[in-house]
Amino acid sequence: MKTNVTLIGMPASGKSTLGQRLAEALDFEFVDVDRIIEAEEKRLLKEIIAQEGDDGFLEIENRINAALKMDGCVIAPGGSVIYGAEAMEHLRDISIVVYLKLSFEEMARRIGNPVERGVVLKNGMTLRKLYDERTPYYEKYADVTFDEMDMTPEESAGRLAEMIRQEMASGEK
């Protein structure tokens, strides 16, 4: 039985904000995997990327997400977790994977200036290209797609918590 929830989605989709409220609603712990990566690597994400490059960071992210051992948690990995096949296979084994779907326009509005928000774009990459590249992965790995972003975080957490409870109950049968 899957006893965790993993939130995937674009930057600014609500993985942390909604994730914390969802954890409260489900009486789960909230886990921000970026903080785990920083603690294990003893460096900030931006330092890891600067020192290891994008590919090196993705390898570290994949390794750490693939080794997570937890129970009763809402897990919020970075948006690029979907590039790690081992990580996604593991997260799908231990959790219900929820894609927090967000339109490109809403994502761009929420992010504003990507650099100021800490969104790392490779050379030549735009937010639009990033969105178009990642969306099929999010859709592929999701057990549940949640796209009711017109609600407050509290309303969204309540609605999503109900969906998760139903999904967990159907998984027990």
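Located above this text is the structure these notes cover.
Residues numbered from 1 in each chain as written. Predicted model: local features only at pLDDT ≥ 70, side-chain atom pairs only at ≥ 80, totals over all residues. Heavy atoms only, no water.

Some thoughts on the overall build of the protein chain
Phase 1: Along its length, the protein chain carries 8 helices and 5 strands.
Phase 2: Listing every helix and strand of the protein chain by position from the N terminus yields β-α-β-α-α-β-α-β-α-α-α-β-α.
Phase 3: Compactness check: the protein chain gives a C-alpha radius of gyration of 15 Å against a globular reference of 16 Å for 173 residues, within 12% of the reference.
Phase 4: Overall size of the protein chain, expressed as C-alpha extent along the three principal axes, is 45 × 35 × 25 Å.
Phase 5: Of the contacts formed within the protein chain by residues at least 6 apart in sequence, a portion of 70% connects residues at least 24 apart. (Helix = DSSP H or I, 4+ residues; strand = E, 2+ residues; numbered from the N terminus. Rg over C-alpha atoms; globule rule 2.2 N^0.38 Å. Contact = heavy atoms within 4.5 Å.)

Focus on the side chain of Arg-134
Phase 1: Relative to the assigned elements, Arg-134 resides in helix H7 (residues 127-141).
Phase 2: Although buried, Arg-134 forms no salt bridge, and the nearest oppositely charged side chain, Glu-133, lies 5.4 Å from it.
Phase 3: At 3.4 Å, the side chain of Arg-134 forms a polar contact with the side chain of Tyr-83.
Phase 4: Arg-134 has contacts with Met-10, Pro-11, Gly-79, Ser-80, Ile-82 and Tyr-83, leaving out every residue within four places of it along the chain. (Buried < 20%, exposed > 50% of the residue type's maximum accessible area, 1.4 Å probe, protein only. Lys, Arg positive; Asp, Glu negative; His and termini not counted. Salt bridge = Lys/Arg side-chain N within 4 Å of Asp/Glu carboxyl O. Polar contact = N/O pair within 3.5 Å; in protein donor to acceptor, adjacent residues only side chain to side chain.)

Side note on the pattern of salt bridges
Phase 1: For the structure shown, the criterion picks out 12 salt bridges.
Phase 2: Ionic pairing is found between Glu-162 and Arg-165, a salt bridge with its closest N-O pair at 3.0 Å. Placement of both Glu-162 and Arg-165 in helix H8 (residues 153-171) is noted, with a separation of 3 residues, approximately one turn of the helix.
Phase 3: When salt bridges that share partners are traced, they join Glu-41, Arg-43, Glu-52 and Arg-63 into one network.

As for the packing of aromatic side chains
Phase 1: Counted according to the given criterion, the structure contains 3 aromatic pairs.
Phase 2: Relative to Tyr-138, the ring of Tyr-99 lies with its centre 5.3 Å away and its plane at 25°, an arrangement referred to as stacked. Of this pair, Tyr-99 sits in strand E4 (residues 95-100) while Tyr-138 is found in helix H7, placing the two residues 39 residues apart along the sequence. Summarising the burial analysis for this pair, Tyr-99 and Tyr-138 share the class buried.
Phase 3: On the basis of an interplanar angle of 75° and a centroid distance of 5.7 Å, the ring pair of Phe-104 and Tyr-131 is categorised as edge-to-face. Of this pair, Phe-104 sits in helix H5 (residues 104-111) while Tyr-131 sits in helix H7, placing them 27 residues apart in sequence. In this structure, Phe-104 and Tyr-131 share a single accessibility class: buried. (Phe/Tyr/Trp six-rings, centres within 6.5 Å; stacked < 30°, edge-to-face > 60°.)

Description of the sheet that holds strand E2 (residues 29-32)
Phase 1: Pairing is parallel in the open sheet, where 5 strands are placed in the order E2-E3-E1-E4-E5. This sheet does not close on itself; its edge strands, each paired only once, are E2 and strand E5 (144-146). Pairwise comparison of adjacent strand axes, ignoring direction, gives a mean angle of 25° for this sheet.
Phase 2: Sheet topology note: the E4/E5 ladder contains 3 bridges and is parallel. The residue bridging Val-98 from the neighbouring strand is Val-144, located in E5.
Phase 3: In the packing of helix H2 (residues 33-41) onto the sheet, contacts are made with E2 and strand E3 (73-76), and the angle to E2 comes to roughly 60°. (Pairing = 2+ DSSP bridges. Axes fitted to C-alpha atoms, helices over the stretch in contact; angles between N-to-C directions.)

Looking at the packing of H2 against helix H3 (residues 45-66)
Phase 1: At their nearest, the axes of H2 and H3 sit 11 Å apart, and the two run at 110° to each other. For the element pair H2 / H3, the angle class is roughly perpendicular. Relative to H3, the crossing made by H2 is right-handed. Taken together, the residues of H3 that come into contact with H2 (itself represented by Val-33, Asp-34, Arg-35, Ile-36, Ile-37, Glu-38, Glu-40 and Glu-41) are Leu-45, Ile-48, Ile-60, Glu-61, Arg-63, Ile-64 and Asn-65.
Phase 2: Split by residue class, the contact of H2 with H3 holds 7 nonpolar, 1 polar and 7 charged. (Parallel < 35°, antiparallel > 145°, perpendicular 65-115°, else oblique. Left-handed = near helix turned anticlockwise from the far one by under 90°. Nonpolar A, V, L, I, M, F, W, Y, C, P; charged D, E, K, R; others polar.)

Points about unusual backbone geometry
Phase 1: Notably, Ala-12 is not glycine yet its phi reads approximately 75°, a positive angle.
Phase 2: Here Ala-12 lies in the loop between strand E1 (4-8) and helix H1 (17-26).
Phase 3: The backbone of Asp-27 sits at a positive phi, close to 60°, despite the residue not being glycine.
Phase 4: Looking at the secondary structure, you find Asp-27 in the loop between H1 and E2.
Phase 5: With relative accessibility at 71%, the residue Asp-27 sits in the exposed group.

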